[in-house]
Every structure is written in structure tokens, then in C-alpha cells.
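Given next are the chains, with one letter for each unit.
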Amino acid sequence: MKQAVMFGAGNIGRGFIGALLERSGWHVTFADVAEPLLNAINTQKRYTVHILDQVCDEWEVENISAVSSTGDEIVPAIAACDLVTTAVGPLVIPRIAKPIAAGIQARMNAGNKTPMNIICCENGIRITSRLKADVLALLNEQETAFAGECIGFVDCAVDRICPKPAYDNPLDAAVEEYTEWDVERSAWKGELIEIKGMTYVDNLMACLERKLFTLNSGHAICAYLGSLKGYETILQSIQDPAIGKIVHQAMKESGEGLIKEFSFDPDAHHAYVDRIFSRFQNPHLKDEVGRVGREPIRKLSPADRLIKPLTTTYNYGLPVDHLIFGAAAALHFQCPEDSQSVELSEKIQKEGVAAALAAYTGLQPDHHLFGRILDVYRALFAAAKA
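First, a word on what this report is: a plain description of the structure on this page. None of these values were measured; they are calculated from a predicted model.

### A closer look at the environment of Arg294
Okay, step 1: The topology assignment puts Arg294 in the loop between α11 (289-293) and α12 (296-299).
Okay, step 2: Arg294 sits in the partly exposed class, given a relative accessible area of 42%.
Okay, step 3: Between the C-alpha atom of Arg294 and that of Ala220, which follows or precedes it by 74 residues, the distance is 9.2 Å.
Okay, step 4: With residues up to four places along the chain from it excluded, the contact list for Arg294 reads Tyr224, Lys299, Phe333 and Asp338.

Next comes the structure, spelled out in C-alpha cells:
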């Protein structure tokens, strides 16, 4: 039986990637730092994935186990597995480089040349490539050569809304029916394997940017505007006519930039935008605004979901009137439980919003978009105070 190590036993790990692997006949070993979660997996050895959509369904996931991602068992698990996947968040990725490097070393020392592939299933551009650099930095010349021969570091694009669950069994997960998991064919080591819900693609950047510019961008804009109005969920936010209109128009604007960038078929991409927008309105997915909006500094960075769609579309000379709301509203986001939100608020209070905008977005005061974002920021502030 194929063996997978899944770093991250949260809702995405259990409800999305882990569930698809188990349903494809794999044994999934979850690796996490949360001891109560690990104990529950090893004790119950099963959980339910609740699919909440127009047609609701349930999956039973049973072929599972768990180890600590910082304990002694993680290295032999990696040394013996066929696939490593992650759903830990981009900021945590550097921390798992050490156990993965140790697993590769153990694999080489055991003479195991069976191909193993590593896929970071995160919201971001080429996160697996970043992990690869961190892992290789920990290997010597011989180990690096072994990794080059036997270990595939495969970038991917993933898309599935996995809201915070609320079930009696804490292992149960909630997901929407829609799923997309595109992996880069050229980076795969060994024979291509079939996993339900996973697709091999040749132009991964087009898939990554399409998701970033559409799902991630629209989701974030909805969350930040909803937060300003005091809404708790994406559903409440998108049902506000003013917010819904801005989000839909922003996704359409970024779509025009994508069509130029990747020569997408316009009709097909317009249909994709409408499909993504309809997913935000799923009445079963009460996704929390706070969860979607967390880590605003990362989401304001030049290559992420707010600024990259904005600058790409602008550079083609296309309208960006609604995309600007994303960056402006993100600067207002406040969540005391999120360290990045706290840092952002403190910088604005101490140095002013212009300093924060320049520091986190890469845009400079002489850029035409800089002043436009500040104008919308002030207008949103005035509206929130009214």
C-alpha cells in the first residue's frame, strides 16, 4: 500500500489532501505539533469529511495514523513513504525542512532509491520550490545528488474552501464539493500515479496565477471589506450588495489581466470567475472573515493575492478601480489574535498608513497606484466611522 506523510492535520490536511489520498487507497500519516489532535487520530483511527454544497455528502476516512512533526517518529516515516504533502501555511514551511532533510538522509543511508515526491499544498506561488531550497541547504554534496536523482519537489496549485468545522468529533472536517489540485508534471519523479482529484499540468504558472487572481484575491477582498462592516463570515459579507459588487468586479478586472498575461480564452475565463463568485455564496460554508483575513502582511506582499493582480492588470493599461479596494481594506484589518494584523496596525499608528503601504506592498509613493490606494483607504475609514 502506498504511504503518504501529510504535514498539517488541520481542516485542509484532513478534509482536502489527506482525504483525497486515503480515498485513492493510500495510508496517510498525519504529522503535526498538536498533541491532542495526534492522540485523537491514533485513538479513533477515523473521521468524517462533511461535503457542504448544493448536494451534501459525507466521506469516511479510516486508513490513517499520526506522528509528531518534531518527534523521533517523523524521520523514519519520511524515509519509508512514497509521498510527502503539506498544508501548514507558507510561514511554517521553513520549519519542516529539517525533518524532511533528515528523512532524505535516512532514505539514502538505507539504500532506498524508490522515488519520493514532495508537494506543498499551500496558498502561494511555488511554495515547494522554496521548501526545496531550504532542504538542500541542509544536505551535503552526496545527499544533494541523491535527492536530485530520487526526490521530486513538485509545485502545485490547490483550490478548495475548507471552513472551520463545528462538529462533536473534533477530527471531522467540512469542505465544499469543488476541488482543484494541479501538480507540475515535469517535476514529478518516477512513474505518474493516479490520485483522485489530482491533475498533472504542463503550465502550472497559469493555474497558480488564475487561482491567486480569482479565488484568493476575491476571498481576501470580501473578508477585508466584510470585517470593516462588522460581518463575521464570508457569506454575510458577500450577501451585502455593495461588497458583492466590488468583489465580483474586482475578480473580473483581474481576469482581464490574466487573459492578457496567459492568452486565456475570454469566455472560458469569464465563466470561471462567475463559478468562483458563486462558491462564496454557498449557504453551508460559513467561513470566518477572521480566518480568511489573517496574515494581512503576507497577503499585501508584491507577489501575493492583493498587489500582484492589481499591478499586473494595471500594467496592461486595464481598469483596476475595484481591485484597489483589496489593498486599501487590508490596511484596515484588525484581529488581535493574529500577529501580522497587530504588527500592521502598530506600524500604521506609529509611522502612518503611507509608510505601511510602502513597506509591505513594494509600491512607492511615486507610483500612480500608491495615491489611489490611500484615497480609497481614507474613504473606507470615513465610511466606517459614519
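### Details of the packing of helix α7 (residues 204-228) against helix α10 (residues 266-279)
Each pair of packed helices can be summarised by the angle the axes make with each other and by the distance between the axes.
Okay, step 1: Contact geometry for α7 and α10: axes closest at 10 Å, N-to-C directions at 45 degrees. What the angle tells us is that α7 and α10 run oblique. Crossing angle aside, the handedness with which α7 passes α10 is right-handed. Contacts between α7 and α10 involve Arg210, Lys211, Thr214 and Leu215 on the former and, on the latter, His269, Tyr272, Val273, Ile276 and Arg279.
Okay, step 2: Residues belonging to the contact of α7 with α10 are distributed by class as follows: 4 nonpolar, 2 polar and 3 charged.

### As for the pairing of strand β9 (residues 156-159)
Okay, step 1: Residues Cys156 and Val158 point to one face of β9 and Ala157 and Asp159 to the other, with burial holding for every one of them.
Okay, step 2: By the bridge criterion, 4 bridges tie β9 to strand β11 (residues 180-184) in an arrangement that is antiparallel. Directly across from Ala157, in β11, lies its bridge partner Asp182.

### A look at the state of the cysteines
Okay, step 1: Applying the stated rule across the entire model yields 0 disulfides.
Okay, step 2: Sulfur of Cys81: no disulfide; nearest cysteine sulfur belongs to Cys120 and is 13 Å away.
Okay, step 3: Relative accessible area serves as the criterion here: at 1%, Cys81 is assigned to the buried category.
Okay, step 4: Here Cys335 stays unpaired: no disulfide links it, and the sulfur of Cys222, its closest cysteine neighbor, is 16 Å away.

The rules behind the values
Residues numbered from 1 in each chain as written. Predicted model: local features only at pLDDT ≥ 70, side-chain atom pairs only at ≥ 80, totals over all residues. Heavy atoms only, no water. Helix = DSSP H or I, 4+ residues; strand = E, 2+ residues; numbered from the N terminus. Buried < 20%, exposed > 50% of the residue type's maximum accessible area, 1.4 Å probe, protein only. Contact = heavy atoms within 4.5 Å. Axes fitted to C-alpha atoms, helices over the stretch in contact; angles between N-to-C directions. Parallel < 35°, antiparallel > 145°, perpendicular 65-115°, else oblique. Left-handed = near helix turned anticlockwise from the far one by under 90°. Nonpolar A, V, L, I, M, F, W, Y, C, P; charged D, E, K, R; others polar. Pairing = 2+ DSSP bridges. Disulfide = S-S within 2.5 Å.

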